[in-house]
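Examination of the molecular architecture
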Amino acid sequence: MVQLIILSALITNLQYKSFGSDPKYDSLKPNSKNLNPIIPKLAALVLLALIPYIAHQTLNQYKGCKHWKEAYQLYQYQIYDDAAEEYELAKDYLPNNGLLLQMYGKCLAMNKQWVESEKALEKAKQLRSDPILYTTLGDTYKALHTYDQAEKAYWQAWQMVPHKFYPKYLLAKLYGENGENEKARNLASELIGKEVKVESVAICEMKNELKEFMTE
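Our subject in this report is the structure included herewith. (Residues numbered from 1 in each chain as written. Predicted model: local features only at pLDDT ≥ 70, side-chain atom pairs only at ≥ 80, totals over all residues. Heavy atoms only, no water.)

1. Quick look at the packing of helix H2 (residues 38-76) against helix H4 (residues 98-110)
Where H2 meets H4, the closest approach of the two axes is 12 Å, and the angle between their N-to-C directions is 35°. The crossing of H2 and H4 is left-handed. Side by side, H2 and H4 meet where Trp68, Tyr72 and Tyr75 of the first sit next to Leu99, Leu100, Met103, Lys106, Cys107 and Met110 of the second. Residues that form the contact of H2 with H4 fall into these classes: eight nonpolar, no polar and one charged. (Axes fitted to C-alpha atoms, helices over the stretch in contact; angles between N-to-C directions. Helix = DSSP H or I, 4+ residues; strand = E, 2+ residues; numbered from the N terminus. Left-handed = near helix turned anticlockwise from the far one by under 90°. Contact = heavy atoms within 4.5 Å. Nonpolar A, V, L, I, M, F, W, Y, C, P; charged D, E, K, R; others polar.)

2. Re unusual backbone geometry
The backbone of glutamine 78 sits at a positive phi, close to 60°, despite the residue not being glycine. By the element assignment, glutamine 78 lies in the loop between H2 and helix H3 (80-93). You can call glutamine 78 exposed: its relative accessible area is 56%. Positive phi, normally seen in glycine, also occurs at histidine 145, with a value near 65°. Within the secondary structure, histidine 145 is located in the loop between helix H6 (131-143) and helix H7 (147-160). Since its relative accessible area comes to 57%, histidine 145 is described here as exposed. (Buried < 20%, exposed > 50% of the residue type's maximum accessible area, 1.4 Å probe, protein only.)

3. Side note on the environment of methionine 103
Relative to the helices and strands, methionine 103 resides in helix H4. Here methionine 103 falls in the partly exposed class, since its relative accessible area comes to 21%. With 21 residues separating them in the primary sequence, methionine 103 and alanine 124 have C-alpha atoms 9.1 Å apart. For methionine 103, the residues in contact, after removing those within four places along its chain, are Trp68, Tyr72 and Tyr87.

Right, dumping it as structure tokens:
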């Protein structure tokens, strides 16, 4: 905002002066006959007229981020009810922030508010693309028993980052829980034999769970 005000002042006071008597600057001298002194003033007025709008947007940004920070801290402590309320307040100020909507949808999913989670995530999907968004959306659809959409969401999450283990693991579990045992076993077999670049406790636990499923 400070820069905008300074720019407006500079434009208002804009004068086309000579660059000096040095011949090398002659080609840079503007043709004063083609200059309209009203244009800089009109440009300054337009910029000044934008200041209230920019101020309003800046205030909304501040309030939204303040609620967002509070929501994130509550989410970290797994106080999902209060976190969801703060995310809702933040969303009122930042309705088109895709990351905020994604985190709000994730919070609602963790609180098992599946219908509300679906609405938030579907809107977030229009604004950003992220594998976590699609895995959460898959979890939400699975909880709502819309298995075809859950399958599609998990596949999209996997195709975005093909080397990731987690989206295909969720897909294998979906097939197993939905009675599609052949698909589940095929995916489980593929994941168990998958070479992992960085081993972790989480991946070991997922592989062990898939091995147990294979022996059932």
